[in-house]
Protein chains: 2
Amino acid sequence: MNMLADRRFLLVAVVALLSTNVFAAGSGVVGENLFWLALILISARLFSPLASRFGFPAVLGELLLGVVLGNLNLLGIEYFTKIASDPTVAFIAELGVIVLLLQIGLETRLKDLVSVGGKASLVGSVGIVLPFVLGAFVVGPMVLPGLEQNSYLFLGATLAATSVGITGRVFRDLGKLSMPEAQVVLGAAVIDDVLGLVILAVVSSLVQAGSVSAFEIFRIIAEAVAFLGGSIWLGRLVSPHSSRWLAKLDAGPSMLFAQVLATGLFLAWLAHAIGLAPIIGAFAAGLLFEPIFLQHYETPKVVREVEPLLDGVSKAEKGKIIGVLEKHTHHQHEHMIEPIGYFFVPVFFVLTGMQVDLSSLSDPSTVMVALIISAVAILGKIVAGFAAARGRSAWIIGWGMVPRGEVGLIFAMVGKQLGVMSESMFSVIVIMVILTTLVTPPVLTALLKKAGTETAG
Amino acid sequence: MNMLADRRFLLVAVVALLSTNVFAAGSGVVGENLFWLALILISARLFSPLASRFGFPAVLGELLLGVVLGNLNLLGIEYFTKIASDPTVAFIAELGVIVLLLQIGLETRLKDLVSVGGKASLVGSVGIVLPFVLGAFVVGPMVLPGLEQNSYLFLGATLAATSVGITGRVFRDLGKLSMPEAQVVLGAAVIDDVLGLVILAVVSSLVQAGSVSAFEIFRIIAEAVAFLGGSIWLGRLVSPHSSRWLAKLDAGPSMLFAQVLATGLFLAWLAHAIGLAPIIGAFAAGLLFEPIFLQHYETPKVVREVEPLLDGVSKAEKGKIIGVLEKHTHHQHEHMIEPIGYFFVPVFFVLTGMQVDLSSLSDPSTVMVALIISAVAILGKIVAGFAAARGRSAWIIGWGMVPRGEVGLIFAMVGKQLGVMSESMFSVIVIMVILTTLVTPPVLTALLKKAGTETAG
């Protein structure tokens, strides 16, 4: 009977119903999460046009909403603290950033990415090495004196991290994903994720074993390269055929959608399994699909209904109209993921905002050190931008690499687990992550809008 | 620092990273859930056309997939057992059935539902009272003799339950939601959910206090009626205006989508908060939106691009073409929820299937009793169908009410918590729930297809 009982009552409904009074339910976690998702969904949509009206990117609206909700406990409102620590909400946030990077991958053509490969490698490497060296050997020991060398190594690693979610979102919101600078940033972010993993491995080994195994480093790089190269090579080999097979089984939009999203989730899982960020896998999955691969899927109903009405139209006009409709069909796989994105993506950014603890800003000396470290964090990435480009492009690329987001926090957390991250250094890193994450969207938006005006003029 | 530490590392990424070795991650729960969701997503899409090819409804494919995955542990494969008990997966399943009922609500016109109100009330009441009386006072004591009276009362309550998810899905898959029988079933299911709550309250009070408070019953009914009446009345009063306001702020598809889905989640939460099933709230939310309320949202890009190309077309033809495109626009709110449905709905049905424990079928005498109880469960609902209709309609309505799904399990679980549900009765109920849930889709599909042929001929 036990085995039965184990699996029979899995539905959250049951759990919630029993964890509360049967007739006065409602404080259960299901219920609260539903409310919470509804709130984020609609608030994000309300904030986004408001933010745009003031010239701020939509993502900043979501981040600030998160900052507000996350700090209401300072005013005695504890409701959101509970919800924010819910693992289900956290998983949905993770799904959000996975879907975002899948969308960005779908809107990126692999050949554009390859064509900026050299620049991206340069930006990625300089952007990892320079902040690491500055943090670990120069500025770290200067502004936070008296700590052991390992602590500075971890500070450096944290400064080296890049989180592409914020930047990708800004480029995407402004419709600038196809500009070369965006491609360089995306490519460099992928390279950074691999290099970041290597740095984290090296630093952790130094702390734990006192030495680094060259084999271990080689293994990490080999795995990452094998994953990225292998999945993209194999995926692009397979996906035209799998599209044809799947479309033969069911040519409707649901199959198309399932093929794209399932591939994204699968590669996110695989990336996670070898230690890379899941979003890198999702991005790689997006690169697998070119509109032409998905031609076997059915033309949508609207085309079939409009076509017979076009008898009176000249052949050329008819071709144009069908062309417009088909263009929308060809990009159907991008559009279909969209609603999933509307739902989940804001959850990620609101939750990221909620991690900003305003009370960490209450100690002036910590804030001062944090400002210096943040300046180093920004400087290191901007110099990386100038390693590959000149003028405005360099600024755009450099700022694109600035946000540390959740990756920086993960590095800091590992350091804390290993016992080499002091409390004060931890606070400093948190403020640095906050600043690099919140400052980037408006700066990048301003740079991109200026660039747009100049090109147009 | 503690307060900081509490909220800073919420992202699942962090938890997963730390709960495993940093460099050999992958057994973390995030990763596994991603794999699992990818698997359900693609399997459901592969199974669904296969099931249709054999004449079975798609939902049966998903249920059977769940049965297979859920019972692989009998062959020593424990992987899926772990995933199935994950609360995040369970929450996503719950979201799935909420989205399904929201979709069904969106595709239902309130006036059609009101026009069958009398019939639905009749079906709902008979379908609750008859199985309850049969189970509690006639067949229960006959086939499971020697138990206390309270146990029979709970058996009766379980037989009275209705779970509209399965039936709604079958009607929807076959495009039959608009037929009067479907409207009767939907209306009756809403009434059943309220009455089921009342029965559960009465029975639980009898068990716990030995008596029933008339006030308590009144309170439950009043709350449920106030919720359903109030939310639909207020919602339909507000939604044309809120649509206009929201469309003024942002007339794009994302706002439209957010308005509809957030309303669904919010009312699901509210329903849950007063003790009703969340899906009843989601269904009510769907009833709030009529295509005409959403006219303020922007015509999609495709219409704007096609219109200027139609200069050579006669005015009448042009009107027709724009009409087709606008028809698709007007139903945009239904279509936009669709991808969310593709993603989540199968998770619910696969997880429902996984609750079927085939080892409960290993005791012949239990199976025999369960078959009799199942026959009573089916009979009670079919008689209810005949209370409101004749001939094939009666059979369709009756079978539409048959699946007990998760609602039956919730009732049984409450009985177990109160200590009045014996182990053997529990097994019997589980088998009854399995049978009513698995048998309905093919039977209903056959009835609906026959009805379709006869109308056509």
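Our structure's up above, just so we're on the same page.
Given the structure is predicted, the values throughout are model-derived calculations rather than measurements. (Residues numbered from 1 in each chain as written. Chains lettered and ligands numbered in written order. Predicted model: local features only at pLDDT ≥ 70, side-chain atom pairs only at ≥ 80, totals over all residues. Heavy atoms only, no water.)

Caption draft 1: Structural view of the overall build of chain A. The helix and strand tally for chain A stands at 21 helices and zero strands. Burial status across chain A gives 62% buried among its 457 residues. Sequence-distant contacts in chain A: of pairs separated by 6 or more residues, those separated by 24 or more amount to 80%. Of the roughly 16200 Å² of accessible surface on chain A, a fraction of 68% belongs to carbon and sulfur atoms. (Helix = DSSP H or I, 4+ residues; strand = E, 2+ residues; numbered from the N terminus. Buried < 20%, exposed > 50% of the residue type's maximum accessible area, 1.4 Å probe, protein only. Contact = heavy atoms within 4.5 Å. Areas by Shrake-Rupley, 256 points an atom, 1.4 Å probe, with all protein chains shown as cover.)

Caption draft 2: Looking closely at the environment of B:M179. Residues and elements named next belong to chain B. Here M179 shows up in the loop between α10 (164-173) and α11 (180-209). Taking the C-alpha atoms as reference points, M179 and D112, separated by 67 residues in sequence, lie 9.4 Å from one another. Apart from residues lying up to four places away in sequence, M179 is in contact with F171, I396 and L448.

Caption draft 3: Just the packing of aromatic side chains, in detail. In this structure the tally under the stated criterion is 19 aromatic pairs over all chains. When the ring of A:F35 is compared with that of B:W269, the centres are 4.4 Å apart and the planes differ by 35 degrees; the resulting orientation is tilted. On the criterion of chain membership, the pair formed by A:F35 in helix α3 (residues 29-53) and B:W269 in helix α13 (residues 253-273) is interchain, its members lying in two chains. Residue B:W269 is classed as buried on the basis of its relative accessible area, which comes to 16%. (Phe/Tyr/Trp six-rings, centres within 6.5 Å; stacked < 30°, edge-to-face > 60°.)

Caption draft 4: Main features of the packing of helix α4 (residues 58-70) of chain B against α10(B). All names here are of chain B. Viewed as axis vectors pointing N to C, α4 and α10 meet at an angle of 135 degrees, and their least axial separation amounts to 8 Å. Comparing the axis directions of α4 and α10 gives the class oblique. In this structure, α4 uses A58, V59, E62 and L63 to contact α10, whose residues at the interface are I166, R169, V170 and D173. Among the residues forming the contact of α4 with α10, the class breakdown is five nonpolar, no polar and three charged. (Axes fitted to C-alpha atoms, helices over the stretch in contact; angles between N-to-C directions. Parallel < 35°, antiparallel > 145°, perpendicular 65-115°, else oblique. Nonpolar A, V, L, I, M, F, W, Y, C, P; charged D, E, K, R; others polar.)

Caption draft 5: Inspection of the pattern of salt bridges at higher detail. Residues and elements named next belong to chain A. Scanning the entire structure with this criterion turns up 16 salt bridges over all chains. D112 is the salt-bridge partner of K111, the closest N and O atoms lying 3.6 Å from each other. Among the residues examined, D112 registers a relative accessible area of 27% and is labelled partly exposed. One salt bridge connects D173 with R169, and the closest N-O pair in it is separated by 3.2 Å. Within this pair, D173 and its partner R169 are both found in helix α10 (residues 164-173), separated by four residues, close to a single helical turn. Among the charged side chains, a network of salt bridges with common partners joins E62, R169 and D173. (Salt bridge = Lys/Arg side-chain N within 4 Å of Asp/Glu carboxyl O.)

Caption draft 6: Spatial organisation of the nonpolar core. A:L265, A:F343, B:L265 and B:F343 are the most contacted members of the largest nonpolar core, which totals 298 residues. Residues A:I322, B:V306, B:L309 and B:I322 belong to the second largest nonpolar core, which totals 18 residues. (Core = buried A, V, L, I, M, F, W, Y, C linked by side-chain atoms within 4.5 Å.)

Caption draft 7: View of the side chain of A:S243. Mapped onto the fold, A:S243 is located in helix α12 (residues 214-249). Polar side-chain contacts of A:S243 include one of 2.7 Å to the backbone oxygen of A:S239. (Polar contact = N/O pair within 3.5 Å; in protein donor to acceptor, adjacent residues only side chain to side chain.)

Caption draft 8: Inspection of a nonpolar patch on the surface at higher detail. Residue and element names in this part refer to chain B. There is a patch of nonpolar side chains on the surface, built from V129, V133, F137, V138 and M142 and spanning about 460 Å² of accessible area. Examined against the element boundaries, V138 turns out to sit in helix α8 (residues 117-143). Residue V138 is classed as partly exposed on the basis of its relative accessible area of 40%. (Patch = residues over 30% accessible without salt bridge, like charges linked within 9 Å, V, L, I, M, F, W, Y side chains within 5 Å.)

Caption draft 9: Focus on α13(B). Residues and elements named next belong to chain B. For α13, spanning 21 residues, the distance from its first C-alpha to its last is 30 Å, which sits close to the expected 30 Å at 1.5 Å a residue. Within α13, 17 of the 21 residues are buried, which leaves it mostly tucked inside the rest of the structure. With its phi angle positive at about 100 degrees, G275 sits one or two positions after the end of α13. (Expected span 1.5 Å × (residues − 1).)

Caption draft 10: Up close: the environment of A:L448. Residues and elements named next belong to chain A. One can find L448 in helix α21 (residues 423-456). Exposure remark for L448: the relative accessible area of 0% places this residue in the buried category. With residues near it in sequence (within four places) discarded, L448 still touches V170, F171, L174, K176, M179 and I396.

Caption draft 11: Geometry of the layout of surface pockets. Looking at the second largest pocket, its volume works out to about 490 Å³. A:V238, A:Q259, A:A262, A:T263 and A:F266 are, among the 21 residues lining the second largest pocket, the residues nearest its centre. Breaking the lining of the second largest pocket down by element, the ones donating at least two residues are α12 and α13 (253-273) of chain A together with α3 (29-53) of chain B. In terms of residue count, the dominant contributor to the lining of the second largest pocket is α12(A) (nine residues). Taken together, the residues that form the lining of the second largest pocket break down as 14 nonpolar, seven polar and no charged. (1 Å grid on protein atoms, 1.4 Å probe; cavity = no way out; pocket = protein on both sides within 12 Å on 5 of 7 lines; lining within 4 Å. Points joined across faces, edges and corners; volume = space filled by probe spheres on them.)

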